[in-house]
Amino acid sequence: MRSIDDLTTRARIRDAAITVFGEQGFGVGVRAIATAAGVSPGLVIHYFGSKDGLREACDDQVRATVKAAKLESVQDPSPTATMRQLAEIEEFAPLMAYLMRSLQAGGPLLRNFFEHMVEDTELYLRAGIASGTVRAVPDIPGMARYIATQNGGGMMMFLQLYAAEHDGPVDYRKALRDYADHMMLPALELYSSGLLADRTMLDAYLHQQAE
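Residues numbered from 1 in each chain as written. Predicted model: local features only at pLDDT ≥ 70, side-chain atom pairs only at ≥ 80, totals over all residues. Heavy atoms only, no water.

Asker: I keep staring at the overall build of the protein and nothing clicks. Help me out?
Answerer: Helix and strand counts for the protein come out as ten helices and zero strands. In terms of principal-axis extent, the alpha carbons of the protein reach across some 60 × 45 × 40 Å. Relative to its 211 residues, the protein shows a buried fraction of 33%. Pairs at least 24 residues apart make up 66% of the contacts formed inside the protein by residues separated by at least 6 positions. Just so you have it, the protein exposes about 13000 Å², and 58% of that area is on carbon and sulfur atoms. Taking the 20 positively charged and 27 negatively charged side chains of the protein as two groups, their mean positions are separated by 5 Å. (Helix = DSSP H or I, 4+ residues; strand = E, 2+ residues; numbered from the N terminus. Buried < 20%, exposed > 50% of the residue type's maximum accessible area, 1.4 Å probe, protein only. Contact = heavy atoms within 4.5 Å. Areas by Shrake-Rupley, 256 points an atom, 1.4 Å probe, with all protein chains shown as cover. Lys, Arg positive; Asp, Glu negative; His and termini not counted. Charge placed at Lys NZ, Arg CZ, Asp CG, Glu CD.)

Below, the structure written as structure tokens:
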């Protein structure tokens, strides 16, 4: 059984790796991560087995942190909770950098990570529907996949444009604040009130699918 100190060291290595991966990409070596965590490369391998094992642990931590925040937002959409999350948005900068690196990296790890994102989004939808804060939809898995795709792709596009406009490495703390300042209002309007004035297009699509 591992001691509390072991668990603390493991968490420190994992959190350092999230930051380093986000800043430098997944090609970075174990030695750089060990230096950031203040441990030896051997200790990194001791806890995680390999760099791939470390990345899996980072994936799990990023997902768990985002999941907790999303669940809180759909289960408690009060003004106080919403404003608190907005005030703390810069704290998610290392996680967002890591997420963007994952989306850019491609390959099997991206596919696995994205499928987990879809699963988590479905969980948020079901939690919101159960608590009465989200309207029930007929195809929850389909809606979850759409939202995960739009959110991931939209954030990546925003950050690519942000990097081009600022001519240099992305400061994710500032980028997240800018994203919230520019995107929160239209997103809330779209999700709260919708965009189309009636169901004409939706009903036409459903009719076609039924035939």
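Moving on, there is more to tell.
Asker: Explain a nonpolar patch on the surface here, please?
Answerer: On the surface, a cluster of nonpolar side chains totalling about 480 Å² of accessible area is made up of Leu190, Leu195, Leu196 and Met201. With respect to the secondary-structure elements, Met201 resides in helix H10 (residues 200-210). (Patch = residues over 30% accessible without salt bridge, like charges linked within 9 Å, V, L, I, M, F, W, Y side chains within 5 Å. Salt bridge = Lys/Arg side-chain N within 4 Å of Asp/Glu carboxyl O.)

Asker: Looking at this model, I keep getting lost on helix H2 (residues 30-37). Mind explaining?
Answerer: Residues separated by three or four positions in an α-helix point in the same direction, a consequence of the helix having 3.6 residues per turn. What H2 keeps buried is the set Val30, Ile33, Ala34 and Ala37. In a view along the axis of H2, the buried residues occupy a sector of 100°, so they form one face of it. Turned more than 90 degrees from where H2 packs its buried face, Arg31 and Thr35 sit exposed. (Arc of directions from axis to C-beta.)

Asker: Where do I start with the environment of His166 in this structure?
Answerer: Summarising the element assignment, His166 is placed in helix H8 (residues 140-166). Relative accessible area serves as the criterion here: at 44%, His166 is assigned to the partly exposed category. In this structure the side chain of His166 is engaged in a polar contact, spanning 2.8 Å, whose partner is the backbone oxygen of Tyr162. (Polar contact = N/O pair within 3.5 Å; in protein donor to acceptor, adjacent residues only side chain to side chain.)

Asker: Just to check I follow, could you spell out the packing of helix H6 (residues 93-105) against H8 for this structure?
Answerer: The packing of two helices is summarised by the inter-axis angle and the distance between the axes. Between H6 and H8, whose axes approach to 11 Å, the crossing angle comes to 100°. With respect to H8, the element H6 is oriented roughly perpendicular. In this structure, H6 uses Met96, Met100, Leu103 and Gln104 to contact H8, whose residues at the interface are Gly152, Met155, Met156, Leu159 and Gln160. Residue composition of the contact of H6 with H8, grouped by class: six nonpolar, three polar and no charged. (Axes fitted to C-alpha atoms, helices over the stretch in contact; angles between N-to-C directions. Parallel < 35°, antiparallel > 145°, perpendicular 65-115°, else oblique. Nonpolar A, V, L, I, M, F, W, Y, C, P; charged D, E, K, R; others polar.)

Asker: How should I be thinking about the packing of aromatic side chains in this particular structure?
Answerer: Centre-to-centre distance and the angle between the planes together describe a pair of aromatic rings. Here the structure, examined in full by the defined rule, presents six aromatic pairs. Aromatic pair Phe21 and Tyr98: ring centres 6.3 Å apart, planes at 55°, arrangement tilted. Of this pair, Phe21 sits in helix H1 (residues 4-24) while Tyr98 sits in helix H6; the two residues are 77 residues apart in sequence, bridging distant segments of the chain. Its relative accessible area of 0% is what places Tyr98 among the buried residues. Note on Phe158 and Tyr179: the rings are 5.0 Å apart at their centroids and 85° apart in plane angle, and the pair reads as edge-to-face. Here Tyr179 lies in helix H9 (residues 172-193) and Phe158 lies in helix H8, a separation of 21 residues in the sequence. On the basis of relative accessibility, which here comes to 13%, the residue Phe158 falls in the buried class. Pairwise contacts between aromatic rings join Phe21, Phe26 and Tyr98 into one cluster. Here the basic side chain of Arg55 rests over the ring of Phe26, its NZ or CZ set 3.6 Å away from the ring centre. (Phe/Tyr/Trp six-rings, centres within 6.5 Å; stacked < 30°, edge-to-face > 60°. Lys NZ or Arg CZ within 6 Å of the ring centre and 35° of its normal.)

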